[in-house]
Amino acid sequence: IADGVGGNAHGDVASQLAVQTIERSVRQGADLSTALINANDVIKSTSQEQHELAGMATTAVACHFHGHQFELAWVGDSRAYLIDSNSIYQLTSDHNRANHLLEVGEIEAHEFRDHAGQHELTQALGQMSLERIPKNLGELHEGDFLLLCTDGLTGVLTDEAIFQVVHESKSIDSAAELLLSKVLEGGAPDNVTFS
């Protein structure tokens, strides 16, 4: 999942380049961290070669399955969740100002969701300064779901609301339809993508 940065021109181009580069890199045998670094390099070089694309950037969260085991890597505030029969677990951490302030203790957990820093990315492909790409390894069990999504979903629905929809739905398709309808009911202030 890649979400072009809205405050920068041509986020759609950046997100398309990211998805294509990550998929190609993984097909060629790269791990996800390397694939995201490759995507960052492609976006930066493209924006330097084509001046009208200068400053473009995108978030990305990627998953690669190896049987029931999976590898996650991400840059930005697009998220991955593990949903089992009991709860929902955020597997990624947001690269934004609000999360940074929470980590250093300048804001409390109850202030995090509505903090203005939710919309201030600290990292994005095309404008990345990370020395290492964060990653997470896990395993899916019978009845578990892995959800990748943009902040267009998590900015409208709480984790608990997402869990309730998935938990109460009879199929993945019905869960997806209900999640989308709830985002639209909530005003859909941002584009939404999830898988």
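Residue positions are given per chain, counted from 1 along the sequence in the order it is written. Owing to the predicted nature of the model, reporting of local features is limited to residues with pLDDT of at least 70; listing and counting of side-chain atom pairs is limited to 80 or more, with chain, interface and lining totals taken over all residues. Side-chain measures were taken over the full set of non-hydrogen atoms in the model, leaving aside hydrogen atoms and water.

**A few points about the packing of helix α1 (residues 11-27) against helix α2 (residues 32-49)**
Thought 1: The geometry of α1 relative to α2 is characterised by a closest axis approach of 8 Å and an angle of 140° between their N-to-C directions. Taken together, α1 and α2 sit at an angle that is classed as oblique. In this structure, α1 meets α2 at a crossing whose hand is right-handed. Note on element contacts: α2 touches α1 through Leu 32, Ala 35, Leu 36, Asn 38, Ala 39, Val 42, Ile 43 and Thr 46, opposite Ala 14, Leu 17, Ala 18, Thr 21, Ile 22, Ser 25 and Val 26.
Thought 2: Its residues placed into classes, the contact of α1 with α2 shows 11 nonpolar, four polar and no charged. Each axis is a line fitted through C-alpha atoms, taken for helices only over the stretch in contact, and angles between the N-to-C directions span 0 to 180 degrees. Secondary structure elements are taken from DSSP: a helix is a run of H or I of four residues or more, a strand is a run of E of two residues or more, and numbering for both begins at the N terminus. Angles below 35 degrees are treated as roughly parallel, those above 145 as roughly antiparallel, those between 65 and 115 as roughly perpendicular, and all remaining angles as oblique. With the far helix as reference, a near helix turned anticlockwise by less than a right angle produces a left-handed crossing, and one turned clockwise produces a right-handed crossing. Should any heavy atoms of two residues lie within 4.5 Å, those residues are counted as being in contact. Under the grouping applied here, Gly and all other residues not named as nonpolar or charged are polar, the nonpolar ones being Ala, Val, Leu, Ile, Met, Phe, Trp, Tyr, Cys and Pro and the charged ones Asp, Glu, Lys and Arg.

**Observations concerning the nonpolar core**
Thought 1: Counting residues in hydrophobic clusters, the biggest one holds 20 residues, and the most contacted among them are Ile 22, Leu 36, Ile 43 and Leu 125.
Thought 2: Those elements that place two or more of their residues in this core are α1, α2, β2 (58-66) and β3 (69-75). Side-chain atoms within 4.5 Å are what join buried Ala, Val, Leu, Ile, Met, Phe, Trp, Tyr and Cys residues into a set we call a nonpolar core. For the exposure calls, accessible area comes from a 1.4 Å probe over protein chains only, and a residue counts as buried if that area is under 20% of its type's maximum, exposed if over 50%, partly exposed in between.

**Considerations on α1**
Thought 1: The first and last C-alpha atoms of α1 sit 24 Å apart over 17 residues, in line with the 24 Å expected at 1.5 Å per residue.
Thought 2: Looking only at α1, the buried set comprises Gly 11, Ala 14, Ser 15, Leu 17, Ala 18, Thr 21, Ile 22, Ser 25 and Val 26. Looking straight down α1, one finds that the buried residues subtend no more than 160° of arc, so they occupy a single side. Those residues of α1 that are exposed and aimed more than 90 degrees away from the buried face are Asp 12 and Arg 27.
Thought 3: Elements that come into contact with the buried residues of α1 comprise β1 (2-4), α2 and β2.
Thought 4: One or two positions beyond α1, positive phi appears at Gly 29, with a value near 100°. Helix span, expected: 1.5 Å multiplied by one less than the number of residues in the helix. The arc under discussion is defined with respect to the helix axis, by the directions toward the C-beta atoms.

All quantities given are derived from atomic positions and should not be read as evidence of function.
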